[in-house]
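Structure assessment
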Amino acid sequence: EKALDYARDHLGRLVTVAVPARVARMFNVYDPVQTARFDILVEQRDFRLSIFALVEYYLVVAAAVAGAVVAFRRRLPMLPILLWPALVAGIAAIGFGNNRYRVTAEPAFIWLAAFAAVSAWSYLVARRGRSGPPLEQAATQGVQAPAGSS
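Residues numbered from 1 in each chain as written. Predicted model: local features only at pLDDT ≥ 70, side-chain atom pairs only at ≥ 80, totals over all residues. Heavy atoms only, no water.

1. Quick look at the overall build of the protein chain
The line we're drawing: Secondary structure is summarised from DSSP: a helix means a run of H or I of at least four residues, a strand means a run of E of at least two, and numbering begins at the N terminus for each. Only protein chains enter the accessibility calculation, which uses a 1.4 Å probe; a residue whose area is less than 20% of its type maximum is buried, one above 50% is exposed, and one in between is partly exposed. Contacts are residue-level and defined by heavy atoms, with any inter-residue pair within 4.5 Å sufficient. Here the open area of atoms and residues is found with the Shrake-Rupley method and a 1.4 Å probe, where only the protein chains shown may cover a residue.
Looking only at helices and strands, one finds 7 helices and 0 strands in the protein chain. Each helix and strand of the protein chain, ordered N terminal to C terminal, gives the series α-α-α-α-α-α-α. Each of the 150 residues in the protein chain was classed as buried or not, and the buried ones make up 23%. Look at the contacts in the protein chain between residues 6 or more apart in sequence, and 65% of them connect residues 24 or more apart. Surface accessibility of the protein chain: about 10,900 Å² in total, with carbon and sulfur atoms responsible for 66%.

This is the structure we're talking about:
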């Protein structure tokens, strides 16, 4: 009874504290090392592997953000891709935040990260093509390479 009274008296904290913390924990933004320690206790994971997976996840998410920026700039339809992370955030908001349940959003992160990598590669190839032919192409076309470059 006291717990329900407390919950009724502090309903605003649900929206300002509990829900953001749940969503942030789901996406490993809120206290990720503590989450890794929970993984050790609950799921018997190795701490070093949990930290390695966390770093790997952060790299993928950083690339996914870059991919999303490129996709938005190209005005590509992003709704089907972004619905999965939004669904996961919604589940965390009404339930609880556990990175295990984030797995349904991770294909979207991988797709966006791959899109960023392909876009970066295409940009570099196009940029290299504008600066002149590579040395191998210059040699096969009879163009002399600059002195000292072999």
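2. Quick look at the layout of surface pockets
The following threshold applies: A cavity here means a set of 1 Å grid points, computed over protein atoms only, where a 1.4 Å probe fits but cannot escape. A pocket is an open set with protein on both sides within 12 Å along at least 5 of 7 lines, and lining residues have an atom within 4 Å of a point. Grid points are joined across faces, edges and corners, and a volume is the space filled by probe spheres set on the points.
Of the pockets and cavities examined, the largest pocket occupies roughly 350 Å³. Lining the largest pocket are 19 residues, and of these Ala 53, Tyr 57, Asn 99, Arg 102 and Glu 106 sit closest to its centre. Sorting the residues of the lining of the largest pocket by element identifies helix 3 (32-43), helix 4 (47-73) and helix 6 (106-130) as the ones contributing at least two each. Counting residues per element, the lining of the largest pocket draws most heavily on helix 4, which supplies 6 residues.

3. Let's talk about the pattern of salt bridges
Here is the rule: Counted as salt bridges are all cases of a side-chain nitrogen of Lys or Arg within 4 Å of a carboxyl oxygen of Asp or Glu.
Applying the stated criterion across every chain yields a total of 3 salt bridges. Note that Arg 8 is salt-bridged to Asp 5, the shortest N-O span being 3.2 Å. Note that Arg 8 and Asp 5 are positioned in helix 1 (residues 2-9) at a spacing of 3 residues, about one turn of the helix. Judged by relative accessible area, Asp 5 falls into the partly exposed class, the value being 34%.

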